[in-house]
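Observations on chain architecture
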Amino acid sequence: MISKIIGCILLLFAAHHTFAQDEFNVEVPKDIIIVNSTKDYKVALATAKKASASLHKKLDLRGLNPNAKIGLSMSKGDCMEDAGGDENGYPCYPARGDGAANNDDYISVEYSNAYKGFAKGYYIVVAAIIDVKSLDMKNKLTAIKKKYPDAYAKRTYIWRGCMH
């Protein structure tokens, strides 16, 4: 519990300097670049591995594995509150980007239920999370579409603030 409080204080301090005028403990709009979506985790994983190689991007599965109850989950050990996981215990799934709401540029498999406005029950192969309507997003999407013509950007809201 103390480690969570200290972590939140450090995040608040970092956010004060990083976000300056931006609000904290809010949802911020982001565009998520999606290479593929499927109901089959094995297909999503194979696509993610192929996309990582063909796009020359790091593959980071973030320690997540399929979970029948919630789609994806961290390990039991990582879900324990004292290990920095969800205080509700196992299974737990931290959506990519939640907390700092930073832009990022790597390949992962995520579960659509964690994102507002997304169809439920899909494993999505994510190539980046970017500020909405930014030139960087347009450039990344254009580059990805050269290898994956069906790739697209979808708007959602990512949490910026302390994770409870």
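Below is a short write-up of the structure. (Residues numbered from 1 in each chain as written. Predicted model: local features only at pLDDT ≥ 70, side-chain atom pairs only at ≥ 80, totals over all residues. Heavy atoms only, no water.)

Grouped together as the largest cluster of nonpolar side chains are 38 residues, with contacts concentrated most on Ile32, Ile33, Tyr115 and Ile144. Every element with two or more residues in this core is listed here: strand E1 (26–38), helix H2 (41–55), strand E4 (108–111), strand E5 (123–131) and helix H4 (135–147). The residues touching isoleucine 33, leaving out its near neighbours within four places in the chain, are Val125, Val126, Ala127, Ala128, Ile130, Met137, Lys140, Leu141, Ile144, Tyr152 and Ala153. (Core = buried A, V, L, I, M, F, W, Y, C linked by side-chain atoms within 4.5 Å. Buried < 20%, exposed > 50% of the residue type's maximum accessible area, 1.4 Å probe, protein only. Helix = DSSP H or I, 4+ residues; strand = E, 2+ residues; numbered from the N terminus. Contact = heavy atoms within 4.5 Å.)

A cis amide bond, omega -5°, links tyrosine 90 with the succeeding residue proline 91. For proline 91, the position within the fold is in the loop between helix H3 (76–79) and E4. One non-glycine residue, histidine 56, lies in positive phi territory at about 55°. Assignment of secondary structure puts histidine 56 in the loop between H2 and strand E2 (65–67). On the basis of relative accessible area, histidine 56 is assigned to the exposed category, the value being 72%. Although it is not a glycine, arginine 62 adopts a positive phi angle of roughly 55°.

So, to be careful, I would describe these as geometric facts and stop short of saying anything about function.
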